[in-house]
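# Structural description and commentary
Here is how the chains run, residue by residue.
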Amino acid sequence: MNRLVALQSSLAGHKLIGVIQKIIRTALGEAKIADVELGEAAHPEVNLVRIMLIGTLLDRDGPRANVFRRTLETVPEIDACCFALEGERLTRFMGVISEVTGGAQRLSLGAYTLDPNAQAFVNGNRLFQRHALIVGSTGSGKSWTTARLLEQIAELDSANAIVFDMHGEYASMAGDGFVHLRVAGPSDIEAGRG
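The rules behind each value
- Residues numbered from 1 in each chain as written.
- Predicted model: local features only at pLDDT ≥ 70, side-chain atom pairs only at ≥ 80, totals over all residues.
- Heavy atoms only, no water.
- Helix = DSSP H or I, 4+ residues; strand = E, 2+ residues; numbered from the N terminus.
- Buried < 20%, exposed > 50% of the residue type's maximum accessible area, 1.4 Å probe, protein only.
- Contact = heavy atoms within 4.5 Å.
- Areas by Shrake-Rupley, 256 points an atom, 1.4 Å probe, with all protein chains shown as cover.
- Pairing = 2+ DSSP bridges.
- Axes fitted to C-alpha atoms, helices over the stretch in contact; angles between N-to-C directions.
- Disulfide = S-S within 2.5 Å.
- Core = buried A, V, L, I, M, F, W, Y, C linked by side-chain atoms within 4.5 Å.
- Expected span 1.5 Å × (residues − 1).

A count of helices and strands for the chain gives five helices and seven strands. Split into buried and exposed, the 194 residues of the chain put 26% on the buried side. Counting only contacts in the chain whose residues sit at least 6 apart along the sequence, the fraction spanning at least 24 positions is 49%. Working note: accessible area of the chain is about 14,100 Å², and carbon and sulfur atoms make up 53% of it.

So, about the sheet that holds strand 1 (residues 4-8). Taken in spatial order, the five strands line up as 4-3-2-1-5 in an open sheet, and their pairing is antiparallel. What marks the edges here is a single partner per strand, and that holds for strand 4 (64-69) and strand 5 (82-84). Across the sheet, the mean angle separating the axes of adjacent strands is 35° when strand polarity is ignored. In the sheet, strand 1 pairs with strand 5 via three bridges, with the strands oriented antiparallel. Bridge assignment links Val5 to a residue of strand 5, and that residue is Ala84. Packing against the sheet, helix 2 (residues 87-97) makes contact with strand 1, strand 2 (14-27), strand 3 (45-61), strand 4 and strand 5, and its axis sits at approximately 85° to strand 4.

Moving on: the state of the cysteines. Two cysteines, two sulfur atoms, one covalent bond between them: this is a disulfide. Considering all chains together, one arrives at zero disulfides under this definition. In this structure Cys81 is not part of a disulfide, and its nearest cysteine sulfur, from Cys82, lies 8.9 Å away. According to the relative accessible area criterion, Cys81 is partly exposed, its value standing at 49%. Assessed through its relative accessible area of 42%, Cys82 is described here as partly exposed.

Take the nonpolar core next. If you look at the biggest cluster of nonpolar residues, it comprises eleven residues: Leu4, Ala6, Ile17, Val19, Leu57, Phe68, Leu85, Leu90, Phe93, Val96 and Ala118. Counting residues per element, the ones that place at least two in this core are strand 1, strand 2 and helix 2. The leading source of residues in this core is helix 2, at three residues. Setting aside residues no more than four positions away along its own chain, Val19 makes contact with Asn2, Arg3, Leu4, Arg50, Ile51, Met52 and Ile54.

Attention now moves to the side chain of Thr145. In this structure, Thr145 sits in helix 4 (residues 142-154). Excluding its chain neighbours within four sequence positions, the residues that come into contact with Thr145 are Leu109 and Ile134.

It is worth spelling out helix 4 at this point. Given a rise of 1.5 Å per residue, 13 residues ought to cover 18 Å, and the 18 Å separating the end C-alpha atoms of helix 4 matches this to within 8%. Buried residues of helix 4: Thr145, Thr146, Ala147, Leu149, Leu150, Gln152 and Ile153, and no others. Where helix 4 is buried, its residues meet strand 6 (106-111) and strand 7 (119-123).

Distances and angles like these do not, on their own, reveal function.
Below, the structure is given as structure tokens:
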């Protein structure tokens, strides 16, 4: 469920991308198995998969390679080949989505929940153009993700990041790329510590 898949398109160089929404497995009775002409490959069940199509991946769009469009250029043909986007395929596809290609500052976030063998990256150039916020429930990996990003950002030549670390979680991070500043509180001011 919720896995990404690619379906063969009727247009050369196009693949339809979808998300598995539902899997239906139906057991066939012994009488029905004899009616199905599958020869030696007969199985006692029929598996159907419902896929919601989300867009088209083009091998080329003018001078650009690997372009994802959130539109459907075609519909899949009957008996079109379909394969799951896993491992390196998922890493490459998500790299296209997040525009982590060529000379982009590629920052590693870890692995995807759907496939621990697929690496998740974010385009540093785009991340630094806007404000960023990392949210999630307790134990979801917010602190780990933030620390991982800070380590990579500190290694870049021209990146600047400010982190308001209210609980001192990142105080142990050290290196040439880190400067820790402490904001004085009321007790510091009263004690003459600026």
